[in-house]
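# Architecture at a glance
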Amino acid sequence: MALTPARTMPGVLELLPLDQIAFQRMLDVIRRNYERFGFLPIETPVIEYADVLLTKTGGETERQVYFVQSTGALEQGEKPELALRFDLTVPLARYVAEHEHDLSFPFRRYQMQRVYRGERAQRGRFREFYQCDIDVIGKDSLSVRYDAEVPAVIYSVFRELNIGAFTIQLNNRKLMRGFFESLGVTDSEQQTLVLREVDKLDKRGADYVRDTLTGEQFGLSAETAQKILDFVQVRSSSLQDAFDQLDALGAGPEIMEQGRAELKEVLGLIRDFGVPESHYMLNLSIARGLDYYTGTVYETTLNDHPQIGSICSGGRYENLAGQYTKSHLPGVGISIGLTRLYWQLREAGLVGTARSTVDVLVTQMDAAQLPAYLALAGELRGAGIATEVVLEGGKLGKQFKYADRAGVRFVIVLGEDELAKGVVTVKDLRREDQFEVPRSELIKTLRVELAQAEIGA
């Protein structure tokens, strides 16, 4: 019988164990920090009703959706009723609308699950990937103070991830729309199109954006296009500079003044939340491509690796679940696309493999002593030390090699000599040395060694 080739489809990330541990630890850091700020976990089904998922999306999104259909339905030519979720925001909107009367508002949730998109197969683009989201959702209203709390969460997460210096960049869609209105760009649809072009500034450059804005599609004058470019190239170097830059924009229509006031309040409160001024800034080119953002918007970048792009983004939206309920549910949130971020960090050499989740390997010197080995392992596990026992024996060198390849740093040898003397031999594979320790002191000694190994990692 011919063998079926073992293969995975393009666009999925499948890791070896030590890489998976590194990935899992990033998940753990993100979850830990989300919970520190009082966010509660939820999970939603991978499969949703297609009409729910696609209520407020365009044709481009629909082309990326994976529809789900049974064999029987396919045979009968039925239209797919179900689909895999393509993000966590739309399922959240459905979740809040469905459970609205059972939730406490403001509802603070985090969600860390896989999503699915029919991305074109290419390096670094994924069809299955983890998103790690937080959102705060209000009932009828939600203070802009929550917009300031979100960067505090971002700062806490990436400081603990320890992947390099980073900057949280902020803007406000009301400020942008108001400025465009002051230039005569008053049509909301045209403003949305201009926002999308402005969002390409860092990737495509000023000349590209200028040519697009003055081209046939927009037809803006060269003067208006230049004013827009001057506006979106505003950056701040400190909190006071951010206030000064906002004041220097001059007076504008009411929506612009609302946006300016919101940004000033948010920027000041971020400092009060304990985020150093060096870690956040004003960037008036940040627009976020999604139409549902209505106020504050965020993007976070690594200072030394701008080519990676935004590693965490999001913003304020006025009505999360307007397609599913008559209730007014404003909110603010962010998302970390962890699969792509991990892949990019690994490519840049910023993350490597992790040490094994197994702390200690107990070798087998004599099959007759297996009960003693199992008893020793039980003692270590009872003390919180993750322990594996070699159950099939073999040459000691082979057992050491197994431990080394599996990423286990500490190996225990308990042979006849050790049993007779009441000691245990501990071999550190990383330092390539070994020492004897009294059996009664083993747990204490291993705890010290493991703590030092953790610091060294």
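In what follows, the accompanying structure is described. (Residues numbered from 1 in each chain as written. Predicted model: local features only at pLDDT ≥ 70, side-chain atom pairs only at ≥ 80, totals over all residues. Heavy atoms only, no water.)

## Description of the nonpolar core
Counting residues in each nonpolar core, the largest one holds 79 residues, and the members touching the most others are Y34, F158, L170, F180, L267, I336 and L338. Ranked by the residues each element gives to this core, the list is headed by helix α6 (residues 145-161), at nine residues. Look past the residues within four positions of F180 in its chain and what remains in contact with it is V185, Q191, V194, L195, V198 and I228. (Core = buried A, V, L, I, M, F, W, Y, C linked by side-chain atoms within 4.5 Å. Buried < 20%, exposed > 50% of the residue type's maximum accessible area, 1.4 Å probe, protein only. Helix = DSSP H or I, 4+ residues; strand = E, 2+ residues; numbered from the N terminus. Contact = heavy atoms within 4.5 Å.)

## A short note on the packing of aromatic side chains
Throughout the structure, instances matching the rule amount to eight aromatic pairs. Here Y95 and F107 contribute two aromatic rings whose centre-to-centre distance is 6.2 Å and whose plane-to-plane angle is 15°, an arrangement assigned as stacked. Linking Y95 in helix α5 (residues 89-99) with F107 in strand β5 (residues 107-116), this pair joins segments that are 12 residues apart in sequence. Geometrically, the ring pair formed by Y155 and F166 is tilted, given 6.0 Å between the ring centres and 45° between the ring planes. In this pair, Y155 is assigned in helix α6 and F166 in strand β7 (residues 166-172), connecting sequence segments 11 residues apart. Accessibility expressed as a relative area gives 12% for Y155, which makes it buried. Among the aromatic residues, ring-to-ring pairing joins F23, Y130 and Y342 into one connected group. Note that R108 overlies the ring of F39, its terminal NZ or CZ placed 4.4 Å from the centroid. R204 extends its terminal NZ or CZ atom over the ring of Y208, reaching a point 4.6 Å from the ring centre. (Phe/Tyr/Trp six-rings, centres within 6.5 Å; stacked < 30°, edge-to-face > 60°. Lys NZ or Arg CZ within 6 Å of the ring centre and 35° of its normal.)

## What about the sheet that holds strand β6 (residues 128-137)?
Across a sheet, paired strands are connected by hydrogen bonds in the backbone, their directions being either parallel or antiparallel. Strand order across the open sheet formed by eight strands is β1-β5-β6-β11-β10-β9-β7-β8, with mixed pairing between neighbours. Both edges of this open sheet fall to β1 (40-41) and β8 (280-282), since each of them pairs with a single strand only. Bridge count for strand β10 (residues 312-317) against strand β11 (residues 331-337) is five bridges, and the pairing is antiparallel. Pairing of G315 across the sheet is with G333, part of β11. (Pairing = 2+ DSSP bridges.)

## Describing helix α13 (residues 254-272)
The end-to-end C-alpha separation of α13 is 27 Å, in line with the 27 Å expected for 19 residues at 1.5 Å each. Among all positions in α13, only M256, G259, R260, E262, L263, V266, L267, G268 and I270 are buried. Contacts from the buried residues of α13 go to α6, β7, α7 (173-182), α12 (239-247), β8 and β9 (293-302). In the segment just after α13, G274 is the residue with positive phi, at about 95°. (Expected span 1.5 Å × (residues − 1).)

## Some thoughts on the sheet that holds strand β16 (residues 433-438)
Taking strand neighbours across the sheet as the criterion, the five strands line up as β13-β12-β14-β15-β16 in an open arrangement whose pairing is mixed. A single partner strand is all that each edge strand has here, and the edge strands are β13 (387-389) and β16. For this sheet the average axis-to-axis angle between neighbouring strands, irrespective of direction, equals 25°. Strand direction decides the pairing type here: strand β14 (residues 410-413) and strand β15 (residues 423-428), joined by four bridges, are antiparallel. The residue of β15 that forms the bridge with V411 is K427. This element, helix α16 (residues 396-406), spans β12 (360-362), β13, β14 and β15 of the sheet and lies at about 155° to β14. (Axes fitted to C-alpha atoms, helices over the stretch in contact; angles between N-to-C directions.)

## Notes on the pattern of salt bridges
This model, assessed by the stated rule, comprises 25 salt bridges. Residues K174 and E262 are paired through a salt bridge, measuring 2.6 Å at the closest nitrogen-oxygen approach. Of this pair, K174 sits in helix α7 while E262 sits in helix α13, and the two are 88 residues apart along the sequence. Of the two residues, K174 and E262, neither departs from the other in class, the shared state being buried. Among the ionic pairs, E449 bridges to R431, the shortest N-O distance being 3.3 Å. Here E449, found in helix α18 (residues 442-456), pairs with R431, found in the loop between β15 and β16; they are 18 residues apart in sequence, far enough to count as distant. Residue E449 is classed as buried on the basis of its relative accessible area, which comes to 13%. (Salt bridge = Lys/Arg side-chain N within 4 Å of Asp/Glu carboxyl O.)

Keep in mind these numbers describe shape, not what the thing actually does.
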